[in-house]
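So the chains spell out like this:
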Amino acid sequence: MIVVDGVARRIPLEAAPIRTGPGEFDLLESSYDNAGNIIHAEAPFSLWDDASGFVVDGRDYRRRTNAGFDETIDFANRHATHFVLSATNFLQFEGESPARRESYKRLMRSLDRLEIRLVVMGLGVQAQRRWNPKLHRLPAEAIEFMSFLGEKCSYIGLRGEFSASIFRDYAGVKNTRVIGCPSFFQRPESFTELRAFLSGTRHGSVSFNATNLNKPAEFDLARRAIDEDSFWVEVSNESLHRLALNSRVNPELAEVPAALRPLIAGSTPVIRRKHLVSYFSRRYRRFRDFAPWWQFNREEVRFSYGTRFHGNMATLLAGRPALWVTHDSRTLELATTLHLPAVSLTQALESSTADLEAATNYEATFDNVERLFHRFNDFLAENDLPVVQRPFVTG
C-alpha cells in the first residue's frame, strides 16, 4: 500500500452548493485554506490506484480535518510502505519569525518518527525576486531541516534548479532531483487534450486569478479582469470570498474589501459599487474539490491567466491553455522547470488580454513534456514507487 499525505486533508468539509447559470459550483462556507492545495495535494492520489489516502472507519482520511499529523504518521507506520509528502513553499528566506522557526522543528520531529520510506515531492525554497545571498538569510532551522531531509530521504524531489542549489550550497545536500510540481504529472491525457483544443475552434470565457492585490500591477490586472467580465477564480483571499457570499445573500450590505475600495472611491469611481458586487455574485468561483474545478474549466474556460501557479495548473489539467504571470521566485522557478508559457507582471500589463491569449505558446511545453515525464519517472523509480503513464502528444 502507498500512503500519501497532502495538504488536502485540511480542506474544510462545509460547503454550500449555489447554482448560477450553466453548471454548478461550490462556495465554501468556511474558506480558511488555500484552494490551490487541492491541485498539488491531489496529485499523488491521482498517480497510483492504491494511494487511497487512509480510509479509516469508512471515511476518507485525507479529507478529515480533525486528524493530527502525528496520528497520520502512526497510521502510516502501521499500514504503509511509503509516506509521500506533496510539498510546495515550506522553506523561505527571511522567514525568521518564532512561529516559522518552530514549524521547521515541529515537522522535523514528526517526520523523524517515520519508520517507512519518506518521499518528498515538489519542495521549493522561496526567496525574494531580487534575491541576494549576502543580504537575505535562511534561518538555521531551515538549513537543519534540509540536512534532515537529505539523510531521511533516498532522493528529494525539488521544484527547480534554484531550490536544488540552496540545498547543495547551504546544507550540503546533493541527493536531490528537480521534478517541478507533481500536479503537472497527474493527468497525462491533459496534454493531448490541450493540443487538440488549441488546434480547433475555441469556446468559453477568460478566467483570471490573483495573489496580492496590494501590488499596484496586480491590482491593475484585477481591474481589467473585472472590466472585461472575466471569471475570477479565487484561491485563498478570505475577504473576497465573503464579498462573493454576501453579494448573493444581501448585495446592499456586502462589504467591499479594503484592497478593492479604491475602485469604488470618490464621486466618479472607476467602477460603481453595484457593478462590482454584481460582478462577484456572477463571475466569482472557488472550489473545494478537484472534480468540479476540472469540470468548470472544461465547460466554461478557453483561457486562464494570473499569478496563482495552481490556479493556472487547474486549467492546464483540464486541457485548456493557461498563462503564468510570474510575480515571485516560486512561480518563475516552476514555469521555467516545466517549460510553461509565462510573462512578467510588467509584460502582462503592457499587453491586452486578447494579445496575451494570442501569444500564449505551448510548443516548448509539448517539446519537453515527454522528457519531463521521463525525469519524473526516474525519480519515482529511485524511490521504489511505480512509474506513471507518459503523455501522447501528436504534432
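Worth saying up front: this structure is predicted, and the values here are computed from it rather than measured.

Thresholds applied
Residues numbered from 1 in each chain as written. Predicted model: local features only at pLDDT ≥ 70, side-chain atom pairs only at ≥ 80, totals over all residues. Heavy atoms only, no water. Buried < 20%, exposed > 50% of the residue type's maximum accessible area, 1.4 Å probe, protein only. Helix = DSSP H or I, 4+ residues; strand = E, 2+ residues; numbered from the N terminus. Pairing = 2+ DSSP bridges. 1 Å grid on protein atoms, 1.4 Å probe; cavity = no way out; pocket = protein on both sides within 12 Å on 5 of 7 lines; lining within 4 Å. Points joined across faces, edges and corners; volume = space filled by probe spheres on them. Nonpolar A, V, L, I, M, F, W, Y, C, P; charged D, E, K, R; others polar. Contact = heavy atoms within 4.5 Å. Axes fitted to C-alpha atoms, helices over the stretch in contact; angles between N-to-C directions. Polar contact = N/O pair within 3.5 Å; in protein donor to acceptor, adjacent residues only side chain to side chain. Salt bridge = Lys/Arg side-chain N within 4 Å of Asp/Glu carboxyl O. Expected span 1.5 Å × (residues − 1). Right-handed = clockwise from strand over helix to strand, strands pointing away. Phe/Tyr/Trp six-rings, centres within 6.5 Å; stacked < 30°, edge-to-face > 60°.

*Asks:* Even after reading the chapter, I still don't get the pairing of strand 6 (residues 82-86), so can you show me in this structure?
*Replies:* Each regular strand carries side chains that alternate between the two faces of the sheet. Burial analysis of strand 6 places 5 of its 5 residues in the buried class, which makes it a mostly covered element. Residue alternation in strand 6 divides its side chains into two sets, H82, V84 and S86 and F83 and L85, and both sets are buried. Sheet topology note: the strand 6/strand 8 (residues 117-121) ladder contains 5 bridges and is parallel. Bridge pairing links S86 to M121 in strand 8.

*Asks:* Quick question: what am I supposed to make of empty space enclosed by the protein here?
*Replies:* Sizing a probe to match a water molecule and rolling it over the atoms shows the empty space that remains. Evaluated as defined, the whole model comprises 1 cavity of 30 Å³ or more. A210, T211, L213, W232, E234, N237 and L240 together form the lining of the largest cavity. Considered class by class, the residues forming the lining of the largest cavity number 4 nonpolar, 2 polar and 1 charged.

*Asks:* Whenever I open this one, the sheet that holds strand 15 (residues 301-306) confuses me. Can you help?
*Replies:* Note on sheets: strands pair through backbone hydrogen bonds, and any given pair is parallel or antiparallel. Spatial strand order, 14-13-12-15-16-17: 6 strands in an open sheet with parallel pairing. Two strands in the sheet have a free side with no partner beyond their single neighbour: strand 14 (284-285) and strand 17 (342-344). Relative to strand 13 (residues 231-233), strand 12 (residues 205-209) is paired through 2 bridges, and the arrangement is parallel. Residue pairing in the sheet places S207 in a bridge with F231 of strand 13. Contacts from helix 11 (residues 290-300) reach strand 12, strand 13, strand 14 and strand 15, with the element oriented near 115° to strand 15.

*Asks:* What am I meant to see in the side chain of S247 here?
*Replies:* Within the element layout of this structure, S247 appears in helix 8 (residues 238-249). What makes S247 buried here is its relative accessible area of 6%. Polar side-chain contacts of S247 include one of 2.7 Å to the backbone oxygen of A244. At 3.4 Å, the side chain of S247 and the backbone nitrogen of S281 are in polar contact. Setting aside chain neighbours within four positions, we find S247 in contact with A254, V277, F280 and S281.

*Asks:* Where do I start with the pattern of salt bridges in this structure?
*Replies:* Between side chains of opposite charge, a pair can form as their charged atoms come close. Enumeration according to the criterion identifies 17 salt bridges in this entry. When the shortest N-O distance is used, the salt bridge between D384 and R117 registers 2.7 Å. Of this pair, D384 sits in the segment after helix 16 (363-382) while R117 sits in strand 8, and the two are 267 residues apart along the sequence. Under the relative-accessibility criterion, D384 is labelled exposed at 53%. On the basis of relative accessible area, R117 is assigned to the partly exposed category, the value being 23%. Close ionic contact of E193 with R298 constitutes a salt bridge, the shortest N to O distance being 3.1 Å. Here R298 lies in helix 11 and E193 lies in helix 6 (residues 189-199), a separation of 105 residues in the sequence.

*Asks:* What is the right way to look at the environment of P269 in this model?
*Replies:* Looking at where P269 falls in the secondary structure, it is placed in the loop between helix 9 (261-264) and helix 10 (273-283). With near-sequence residues (within four places) excluded, P269 lies in contact with L263 and I264.

*Asks:* Any chance you could explain helix 7 (residues 216-227) here in plain terms?
*Replies:* Since the α-helix advances by 3.6 residues per turn, residues separated by three or four positions end up pointing in the same direction. Taking 1.5 Å per residue as the helical rise, helix 7 with its 12 residues ought to reach 16 Å, and the 16 Å between its terminal C-alpha atoms agrees with that figure. Every buried residue of helix 7 is listed here: A217, E218, F219, L221, A222, R224, A225 and I226. Looking one or two places after helix 7, you find D229, whose phi comes out positive at around 60°.

*Asks:* Looking at this model, I keep getting lost on the pairing of strand 16 (residues 322-326). Mind explaining?
*Replies:* With 5 of 5 residues buried, strand 16 lies mostly within the body of the structure. Burial along strand 16 is two-sided: the residues A322, W324 and T326 and L323 and V325 are all buried. As paired strands, strand 15 and strand 16 are joined by 3 bridges and run parallel to one another. Counterpart to S304 in the pairing with strand 16 is A322. Handedness of the crossover joining strand 15 and strand 16 through helix 12 (residues 309-316): right-handed. Pairing analysis gives 3 bridges linking strand 16 to strand 17, with the strands arranged parallel. When the sheet's bridge partners are listed, T326 is paired in strand 17 with S344.

*Asks:* Help me out: how do you make sense of the environment of S207 in this one?
*Replies:* Take S207: it is sitting in strand 12. S207 sits 78 residues away from R285 along the chain, and the two C-alpha atoms are 9.6 Å apart.

*Asks:* Looking at this model, I keep getting lost on the packing of aromatic side chains. Mind explaining?
*Replies:* A ring pair, where both rings are aromatic, is described by two values, the distance of the centres and the angle of the planes. Under the definition given, this model contains 23 aromatic pairs. A centroid spacing of 5.8 Å and a plane angle of 40° characterise the contact between F309 and W324, whose relative ring orientation is tilted. One end of the pair, F309, is in helix 12; the other, W324, is in strand 16, and 15 residues separate them in sequence. Overall, F309 belongs to the buried group, its relative accessible area being 1%. For the ring pair Y362 and F366, a centre distance of 6.2 Å and an interplane angle of 40° mean the geometry is tilted.

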